[in-house]
Amino acid sequence: MKVTLSALDTCESSFTPLVVLELAQDVKEETKEWLKNRIISKKEDGGAQLLFRPLLNKYEKETLENQNLYLVGASKITLLLGAEAMGLVKECNDNTMRAFTYGTRYNFKDFDDDNDDFLTMAECQFIIKHELENLRARDEKMIPGYPQAKLYPGKSLLRRLLTSGLVIQVFPLHDNEALKKLEDTWYTRFALKCQPIDHIRGYFGETIALYFGFLEYFTVALIPMAVIGLPYYLFVWEDYDKYVIFASFNLIWSTVILEVWKRGCANMTYRWGTLVMKRQFEEPRPGFHGVLGINPVTGRKEPLYPSYKRQLRIYLVSLPFVCLCLYFSLYVMMIYFDMEAWALSLHDNSGSEWTSVLLYVPSIIYAIVIEIMNRLYRYAAEFLTSWENHRLESAYQNHLILKVLVFNFLNCFASLFYIAFVLRDMKLLRQSLATLLITSQILNQIMESLLPYWLQRKHHVQVKRKVQALKADIDATLYEQVVLEKEMGTYLGTFDDYLELFLQFGYVSLFSCVYPLAAAFAVLNNFTEVNSDALKMCRVLKRPFSEPSANIGVWQLAFETMSVISVVTNCALIGMSPQVNALFPESKLDLVLIVVAVEHALLALKFILAFAIPDKPRHIQMKLARLEFESLEALKQQVQANEIQCPGIFKIMKKHRQEEKKTQASHYLDHS
C-alpha cells in the first residue's frame, strides 16, 4: 500500500529553516497570501505541503528593515516521502544500494525514527527545491494581482514567478555549526592531507564534491610529471632527442590518469547512490518560451518552439558570431607578436638589464588581455545560447560549453601553436608558455577568491554594525545570517572551475617536450586552488543547491580530446627538433613519414589503454548487474501477480500478441 503524505504529516508551528525565498519589495499582499497557501497546502489540493513563515514577525518588521524574506522548511515525513518520489538511493542493511521507499525505511542503514541525519542537509534542501519547482498551476489563469503574468495548467509556479520578477531568488541557508566543522577539516589548517570529500558531498552535494575530488586527484596525478620534468629542465634543456622519453611518458600518463579517474569516480558515486539513481524526466528550462501547446510525451500544456527556428538561430547568428570572435582573437594575437618584435629589437639595440625584463612585458599584457577576452566572450556566449531558446537545461549547457571551449582553446593556445609551427622559435615558445600559465593562474586566484572574499568581508562588517545598532531585546542572529547570505554572490556551477583545469591540462600536455616545468607550476597552483575554492564555497558565495551527479559529464570527453591533440603536437615538435632533423639530412619526406607513423602508434597505444582499463571496477559492475537482475525479477513477479488478479485482461493481451506474431510471420513469408 502506497503511503500518502496527507495521512502522516502534521503541521509544525516552528521548524528548522532550510531555504530562503525572497520576494520583490512591491509584491501585492494577495499574491503573498496565494503563494503561501499553495506552499503549505496538502498535496491532493495542489500544494507542496511544506512549512513556511516570514523571516520577521509583525513587531520585528517595525524595528528592523522590512524585508520580503520568507523561510521554508519541511517535516521529516515530507522529506522522506520526497526522497522516495525523487528516487534517492541509500545504503541498505545488507550493504547494497537501493532506491529509498518509505514503506521499507527500516531496511536502510542508519534509519531510525529519532535519527534526523538519515538524509543529509544538502539532500533535504534539494527535496524542498524539487517540491517548490513542482508547484504547478491548476485552474489559475494568472498570478493573483498580476493579470499580465499568465498561467496555464501544469505550468511551474516558481519558474513563472522568477521570470515575472515577483520572486527575486531562492537559495539554501548555511548551517553555521556544520559549516564550521567542515572548514576545520577542509582548509583552515594548511596541511598536506586528503580533502573530506564525503563531508563535502554531505554539505554541498555530489556535483561539487566530484569537482573537488577531481581537483585533488588531478593535482596528485601531476606530481610524477612535475618530478620527472624538473631534471629535464635543469640538465638537458636543449637535448630534444631525450625529450622523446618524457613526451612518451606524458602521453601514456594523460591516458592512464583519465581512465583511472573513471574508476575512482564510479567508486565514489556508487557509495553516494548517484551511480544507480534513475534519471528524472527533464522539465523545460525556466527561460524556454514558445507557443502554448500539448507535450506529446507528458500530455501537459507547455510552450512549444519549432526546432528549425532554433537551428536557424544557431547557424545564421551564433556560428557567424563565434567565427567573428575567433577572428578578433587571432587579430589580437598578431598585435601581441608585433609587441614582441618591438621589445626584442629594443633589447638588441640596448642590451641593458631593463630591456631584458621588458621582453616579458608583451606576454604578461597578452595573458591579461586573454583573461579579459575570455570573460567578455563568456557573457556573450551565455546570451546567445539563451537566445537560441533550448528547451532542456542539458542542451543549453552542452551548446554553451561547446562555444566557450572552442573560443578559450583558440584564445589561449593559438599564439603557442603559431610560435611552434610557423615561427619555429622554441625559446619564445618556452617564454610565452611560462608567462601565460603563471599569469593566468595568478589572475584566476585574485578574481575568483581573494577579491570576492575582501568585498564580502566589507559587506559583513556593514551588516554587523547595522544589527548591533538595533534594540538589544531582539534576537537578530537569524536575520543577520539571512541578510548577509542574500547579498552574497551566486555560485554559477562548476563550469568555470572545470574550464580552468581544462586549460591547465592543455598547458601541461600540449607542449610538454618544450616546457617540462609546466606540471610543477600546475601542482603549486592547485595546492592553493583547493584552499581558495573551499574558501569561496564556504564564505564568499551563497550555498548552492545540491545536484545529484554520477560523473563529471562532458568534461571527461573534453579532457580526453585534449590528450589526443597533445599526441599530435608533441610528435610534431619532436620531429621539428634540430637533433631529429640531423638524422634525415637529405630526405624530409622520410622524417615526416616516421613522425606520422610514431604519432599513429602512440594514438593506437592510447586507445588500447583506454579499452583495456574498465571504466568501472569489477565489484561495482557485479553490484550493478545484481541490482538490474533483482529489478527484472521484481517486475516479473508484479506482472504475474497482476495476471492472477485480472486474468481476463491478460488473456486478451496474450491473444493479441499471438495474433501480431502470426501476422508478422505471414508478412515475412509473403516477402520471401
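The numbers attached to residues start from 1 for each chain and follow its sequence in the written order. With the structure being a predicted model, the display of local features is reserved for residues of pLDDT at least 70 and the display and counting of side-chain atom pairs for 80 or more, all residues being used for whole-chain, interface and lining totals. Where side-chain values are given, they derive from all heavy atoms of the structure, hydrogens and water being excluded.

An unreviewed UniProt entry lists the protein under the name Anoctamin, with Panthera pardus as the source organism. The protein has a UniProt comment under Subcellular location (unreviewed entry) that states "Membrane". UniProt positions are given in the numbering used here, feature names are shortened, and annotations may be inferred rather than shown by experiment. If you open the UniProt record of the protein and go to Sequence similarities (unreviewed entry), you find "Belongs to the anoctamin family."

Definitions used throughout: a 1 Å grid over protein atoms alone; a cavity as a set of points that fits a 1.4 Å probe which cannot get out; a pocket as an open set with protein on both sides within 12 Å along at least five of seven lines; a lining residue as one with an atom within 4 Å of a point. Grid points are joined across faces, edges and corners, and a volume is the space filled by probe spheres set on the points. Considering all chains together, one arrives at three cavities of 30 Å³ or more under this definition. Quantified by volume, the largest cavity comes out at close to 100 Å³. Along its surface, the largest cavity is lined by 15 residues, and Leu88, Glu123, Arg201, Glu206 and Thr274 are the ones closest to its centre. Broken down by element, the lining of the largest cavity gets its largest block of residues, three residues, from helix α4 (residues 121-133). Three categories are distinguished: nonpolar for Ala, Val, Leu, Ile, Met, Phe, Trp, Tyr, Cys and Pro, charged for Asp, Glu, Lys and Arg, and polar for the others, with Gly belonging to the last. Considering only residue class, the lining of the largest cavity consists of seven nonpolar, five polar and three charged. The numbering of helices and of strands both runs from the N terminus, where a helix is a DSSP run of H or I of at least 4 residues and a strand a run of E of at least 2.

A separate point is α4. Given the number of residues in a helix, its expected span is that number minus one, multiplied by 1.5 Å. The terminal C-alpha atoms of α4 lie 18 Å apart, and with 13 residues this matches the ideal 18 Å at 1.5 Å per residue to within 8%. Among the 13 residues in α4, eleven count as buried, and that is most of the element. Residues of α4 that are buried include every one of Met121, Ala122, Glu123, Cys124, Gln125, Phe126, Ile127, Ile128, Lys129, Glu131 and Leu132, and no others. Accessibility here uses a 1.4 Å probe with only protein chains present; expressed as a share of the type maximum, an area under 20% marks a residue as buried, one over 50% as exposed, and anything in between as partly exposed.

Moving on to the sheet that holds strand β3 (residues 69-73). Think of a sheet as strands paired side by side through backbone hydrogen bonds, with each pair either parallel or antiparallel. Each pair of strands is called paired provided DSSP finds at least two bridges between the two strands. The four strands are arranged β2-β3-β1-β8 in an open sheet whose pairing can be described as antiparallel. With one partner strand each, in any of the chains shown, β2 (51-54) and β8 (167-172) form the two edges of the open sheet. The average undirected angle you get between the axes of adjacent strands in this sheet is 20°. For β2 and β3, the ladder comprises four bridges, and the chain directions are antiparallel. What sits directly across from Leu51, in β3, is Gly73. To obtain each axis, a line is fitted to C-alpha atoms, and for helices this fit is confined to the stretch in contact; angles are then taken between N-to-C directions over 0 to 180 degrees.

Our next topic: the UniProt feature "transmembrane region" (unreviewed entry) in the protein. The sites that UniProt annotates as "transmembrane region" (unreviewed entry) are residues 208-237, 243-261, 314-337, 357-377, 400-421, 501-524 and 591-613. With 90% helix and 0% strand, residues 357-377 has end C-alpha atoms that lie 31 Å from one another. Between the end C-alpha atoms of residues 501-524 there is a gap of 13 Å, over a span that is 71% helix and 0% strand.

Here we come to the packing of aromatic side chains. Ring geometry is summarised as follows: Phe, Tyr and Trp rings, the Trp one being its six-membered ring, pair when their centres sit within 6.5 Å, and such pairs are stacked at plane angles under 30 degrees, edge-to-face over 60 and tilted between the two. Counted under the stated rule, the structure contains 33 aromatic pairs. Judged by centre distance (4.8 Å) and plane angle (80°), the rings of Trp186 and Phe212 are edge-to-face. Here the residue Trp186 occupies a position in helix α6 (residues 176-186), and Phe212 occupies one in helix α8 (residues 206-235), the gap between them amounting to 26 residues. We classify Trp186 as buried; its relative accessible area is 6%. Between Phe214 and Tyr498 the ring centres are 6.1 Å apart and the planes differ by 55°, which places this aromatic pair in the tilted class.

Most of β3 is tucked away, with five of its five residues classed as buried. Residue alternation in β3 divides its side chains into two sets, Leu69, Leu71 and Gly73 and Tyr70 and Val72, and both sets are buried. Two elements, strand β1 (residues 19-23) and β3, share four bridges in a ladder whose sense is antiparallel. Its bridge partner lying in β3, Leu21 is registered against Tyr70.

Let's shift gears to the packing of α6 against helix α17 (residues 518-540). Direction vectors running N to C along α6 and α17 enclose 175°, while the axes themselves pass 11 Å from each other. As summarised for this structure, α6 and α17 are arranged roughly antiparallel, according to the angle between their axes. Residue-level contacts link Leu179, Glu183 and Trp186 of α6 to Val530, Asn531, Ala534, Cys538 and Arg539 of α17. Tallied by class, the residues present in the contact of α6 with α17 amount to five nonpolar, one polar and two charged. Geometric relationships in this document are graded by angle, where less than 35 degrees denotes roughly parallel, more than 145 denotes roughly antiparallel, 65 to 115 denotes roughly perpendicular, and other angles denote oblique. Should any heavy atoms of two residues lie within 4.5 Å, those residues are considered in contact.

The subject of this paragraph is the layout of surface pockets. Here the idea is plain: a probe the size of a water molecule rolls over the atoms and shows the empty space left. Quantified by volume, the second largest pocket comes out at close to 1,500 Å³. Per-element tally for the lining of the second largest pocket: the top contributor is α6, with six residues. Along the lines of polarity and charge, the residues of the lining of the second largest pocket split into 19 nonpolar, eleven polar and 14 charged.

So, about the nonpolar core. Ranked by internal contacts, the top residues of the largest apolar core, which has 100 residues, are Trp186 and Trp555. Counting residues per element, this core draws most heavily on α8, which supplies 13 residues. Among residues more than four places away in sequence, those in contact with Trp186 are Gln195, Pro196, Ile200, Phe204, Phe212, Val530, Asn531, Ala534 and Cys538. Here, nonpolar core means buried Ala, Val, Leu, Ile, Met, Phe, Trp, Tyr and Cys residues that are tied together by side-chain atoms lying within 4.5 Å of each other. With 51 residues, the next largest nonpolar core counts Trp34, Leu119, Met121 and Ala149 among its residues.

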